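Geometric and topological summary
Residue-level listing of the chains:
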Amino acid sequence: MNEPIVARHWLALAAPKAAPALATSTVLILGRIWNANGAEHSTGNAALIIVLAAGAATAGAFASAGRAGDPVIAGTAFATSGALALAGVAGYADGLSLPLLLWVLATAVAYGLAARYWRTDRRDTLAHQRHTATRRAEHAHVERVEALRAGVQIQVAREGAAYAEALAAALTARAALPGFDPAQLTRAGLPELPATEITKEV
């Protein structure tokens, strides 16, 4: 079975690799825009960000420590907490050095976590491809065996039909000879031939 080959665009291949950097860069840019609009040295805004980041971290801790332990919810909550902390520092600080340092650290952590999932996804994809290739090979082998068996059966049937036709022609020709006696074949130890119209006439 042939499957269509789908060539993915290079943007579709590069988008997952660039997603962590785009996410942290977006948070940094929004934080600096917030800084330019009055968040710099604003105690109320800083307190709000601290409360939101702590709440997101607490939600992630509860999600990871719960009985079900959903890693997706926990990861999302921790990522939200880190994004809020980065945005708070970018909005509150008066310079770019500390926000850029936190941006580099956040980007490195994001790529470190993403690489783990990329490796897992790659292993799963390779395992699926190997399993699919094995199943295709098994199905192809079964199809070849069945095709050979069907070909042998057809050949045997053709040979049997040809043999029966030759035998019938030989019996017809023998029965047309003068003095043919089917009883002689039976006395010679050969199986008794069925009565035919020709033998009846003879």
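Every value quoted in this text rests on a predicted model; they were computed, and no experiment measured them. (Residues numbered from 1 in each chain as written. Predicted model: local features only at pLDDT ≥ 70, side-chain atom pairs only at ≥ 80, totals over all residues. Heavy atoms only, no water.)

1. Focus on helix α2 (residues 43-65)
- In this model α2 runs 32 Å from its N-terminal to its C-terminal C-alpha over 23 residues, within 8% of the 33 Å that 1.5 Å per residue would give.
- Among all positions in α2, only I49, A53, A56, G60 and A63 are buried. (Helix = DSSP H or I, 4+ residues; strand = E, 2+ residues; numbered from the N terminus. Expected span 1.5 Å × (residues − 1). Buried < 20%, exposed > 50% of the residue type's maximum accessible area, 1.4 Å probe, protein only.)

2. Here we look at a nonpolar patch on the surface
- Together, I29, L30 and I33 line one region of the surface with nonpolar side chains, adding up to about 300 Å² of accessible area.
- Look at L30 and you get exposed, because its relative accessible area is 53%. (Patch = residues over 30% accessible without salt bridge, like charges linked within 9 Å, V, L, I, M, F, W, Y side chains within 5 Å. Areas by Shrake-Rupley, 256 points an atom, 1.4 Å probe, with all protein chains shown as cover. Salt bridge = Lys/Arg side-chain N within 4 Å of Asp/Glu carboxyl O.)

3. As for the packing of helix α3 (residues 71-92) against helix α4 (residues 97-175)
- Where α3 meets α4, the axes come as close as 9 Å, and the angle between the chain directions of the two elements is 165°. As the angle between them shows, α3 and α4 are arranged roughly antiparallel. Our pair here, α3 against α4, has a crossing hand that is left-handed. Contacts between α3 and α4 pair L86, V89 and A90 from the former with L98, P99, L102, W103 and A106 from the latter.
- Per-class residue counts for the contact of α3 with α4 are 8 nonpolar, no polar and no charged. (Axes fitted to C-alpha atoms, helices over the stretch in contact; angles between N-to-C directions. Parallel < 35°, antiparallel > 145°, perpendicular 65-115°, else oblique. Left-handed = near helix turned anticlockwise from the far one by under 90°. Contact = heavy atoms within 4.5 Å. Nonpolar A, V, L, I, M, F, W, Y, C, P; charged D, E, K, R; others polar.)

4. Topic: the packing of aromatic side chains
- Across all of its chains, the model carries 1 aromatic pair by this definition.
- Taking 6.2 Å as the distance between ring centres and 65° as the angle between the ring planes, the aromatic pair formed by Y111 and W118 counts as edge-to-face. (Phe/Tyr/Trp six-rings, centres within 6.5 Å; stacked < 30°, edge-to-face > 60°.)

5. Quick notes on the confidence of the model for the protein
- On average, residues of the protein carry a pLDDT of 78, and 80% of them reach 70 or more.
- Taking the mean pLDDT of every element in the protein, the minimum, 47, falls on helix α6 (residues 197-201) and the maximum, 87, on α4.
- Note that residues 197-202 has pLDDT below 50 and, in this model, 9 contacts with residues that lie over four places away or in other chains. (pLDDT = per-residue confidence, 0-100.)

6. Quick look at the pattern of salt bridges
- The final tally for this structure, using the stated rule, is 1 salt bridge.
- For R149, the salt bridge is made with E146, and the minimal N-O distance between the two is 3.3 Å. Placement of both R149 and E146 in helix α4 is noted, with a separation of 3 residues, approximately one turn of the helix.
- Classification of R149 as partly exposed rests on a relative accessible area of 45%.
- Given the relative accessible area of 40%, E146 is considered partly exposed.

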